Amino acid sequence: MKHDKPLAWMMAIAIASTMTTACSLDGNEPEKPFVTCPAHDASLYACGISESETRSTSDEQNVLFTDNDIEWFNVNTREIKFRDMDEPLYKRMQPFHEIEFYLGDNDLFVVSSFVGDWDSRIYTDLVLHYDEISDTNQGQSHYYLRDCYPPQFIDTDEVKANIQKNTAQWELFTYYLESIGKLRK
């Protein structure tokens, strides 16, 4: 396990340096530590993967949301607030088994499932949790990126190993959202 952490850091640095060198600064702009490209290949997006598909067969028709659909992400609560969409996000996600997050051409992580408060199954890897019970008076939907579901399984060895596995990708995910002004702390 001790060898995984340096490898994860090297991967995160390599991806971050590729992204910063892929864009050029305008000669009139002051230099910035991270520059996001306006092109599609430098954006954050998530694709749905149905049970019958593999990751290689999913395509752009399965794009569930992009960074343009995200208002903000709270790094402490892991709540991800989406802008209003034509169709509620939870309805768009229902046919999919997994959700894969991408940053440009690089895959960040796979969310093993989309779960709601009513779900009684146990998930020991990342999930996108749709919480409609806690805010019934407001009529708002809340979405959370959770390390497991239900949360009381957070201290199991399997969940801890998955958290460790995803550390570099989480740092890149939050770094990117911070660079475009969508990170809350």
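What counts and how
Residues numbered from 1 in each chain as written. Predicted model: local features only at pLDDT ≥ 70, side-chain atom pairs only at ≥ 80, totals over all residues. Heavy atoms only, no water. Pairing = 2+ DSSP bridges. Helix = DSSP H or I, 4+ residues; strand = E, 2+ residues; numbered from the N terminus. Axes fitted to C-alpha atoms, helices over the stretch in contact; angles between N-to-C directions. Phe/Tyr/Trp six-rings, centres within 6.5 Å; stacked < 30°, edge-to-face > 60°. Buried < 20%, exposed > 50% of the residue type's maximum accessible area, 1.4 Å probe, protein only. Lys NZ or Arg CZ within 6 Å of the ring centre and 35° of its normal. Salt bridge = Lys/Arg side-chain N within 4 Å of Asp/Glu carboxyl O. Core = buried A, V, L, I, M, F, W, Y, C linked by side-chain atoms within 4.5 Å. Contact = heavy atoms within 4.5 Å.

Student: Explain the sheet that holds strand β1 (residues 44-49) here, please?
Tutor: In a beta sheet, neighbouring strands pair by backbone hydrogen bonds and run either parallel or antiparallel. Within the open sheet, the four strands sit side by side as β2-β1-β5-β6. Their pairing is antiparallel. The sheet is open, and its two borders are formed by β2 (63-66) and β6 (106-111), each paired with just one other strand. Neighbouring strand axes in the sheet, compared pairwise and without regard to direction, differ in orientation by 25 degrees on average. Pairing between strand β5 (residues 98-103) and β6: five bridges, direction antiparallel.

Student: Quick question: what am I supposed to make of the packing of aromatic side chains here?
Tutor: Both the distance between ring centres and the angle between the ring planes are used here to describe each pair of aromatic rings. In total, this model carries 15 aromatic pairs according to the counting rule given. The interplanar angle of 15 degrees and the centroid separation of 4.7 Å between the aromatic rings of Tyr 90 and Tyr 130 together place this pair among those described as stacked. One end of the pair, Tyr 90, is in helix α2 (residues 89-93); the other, Tyr 130, is in strand β8 (residues 127-131), and 40 residues separate them in sequence. Accessibility expressed as a relative area gives 3% for Tyr 130, which makes it buried. Feature note: the residues Phe 65, Phe 73, Phe 82, Tyr 90, Phe 101, Phe 109, Phe 114, Trp 118, Tyr 130, Tyr 143, Trp 170 and Phe 173 constitute an aromatic cluster, connected by ring pairs. Positioned above the aromatic ring of Tyr 144, the side-chain terminus of Arg 146 is 4.2 Å from the ring centre. Above the ring of Trp 72, the side-chain terminus of Arg 184 is found at 3.9 Å from the ring centroid.

Student: Which parts of the structure should I look at to understand the pattern of salt bridges?
Tutor: Side chains bearing opposite charge may pair, as long as their charged atoms lie close to each other. Considering all chains together, one arrives at four salt bridges under this definition. Among the salt bridges present, the one from Arg 78 reaches Asp 147, with a minimum N-O distance of 2.9 Å. Of this pair, Arg 78 sits in the loop between β3 (70-74) and β4 (79-82) while Asp 147 sits in the loop between β9 (142-146) and α3 (157-165), and the two are 69 residues apart along the sequence. Looking at Arg 78, the relative accessible area reads 18%, which means it is buried. For Asp 147, a relative accessible area of 13% translates into the label buried. Close ionic contact of Arg 121 with Asp 119 constitutes a salt bridge, the shortest N to O distance being 2.8 Å.

Student: Can you walk me through the nonpolar core in this structure?
Tutor: Burial of nonpolar side chains together is a common tendency in soluble globular proteins. Membership of the largest hydrophobic core comes to 29 residues, with the highest contact counts inside it found for Phe 65, Ile 99, Phe 101, Leu 128 and Phe 173. Top contributing element to this core by residue count: helix α4 (residues 167-179), with five residues. Residues within four places of Phe 101 in sequence aside, it is in contact with Tyr 45, Ala 46, Phe 65, Asn 106, Asp 107, Leu 108, Phe 109, Val 111, Leu 145 and Phe 173.

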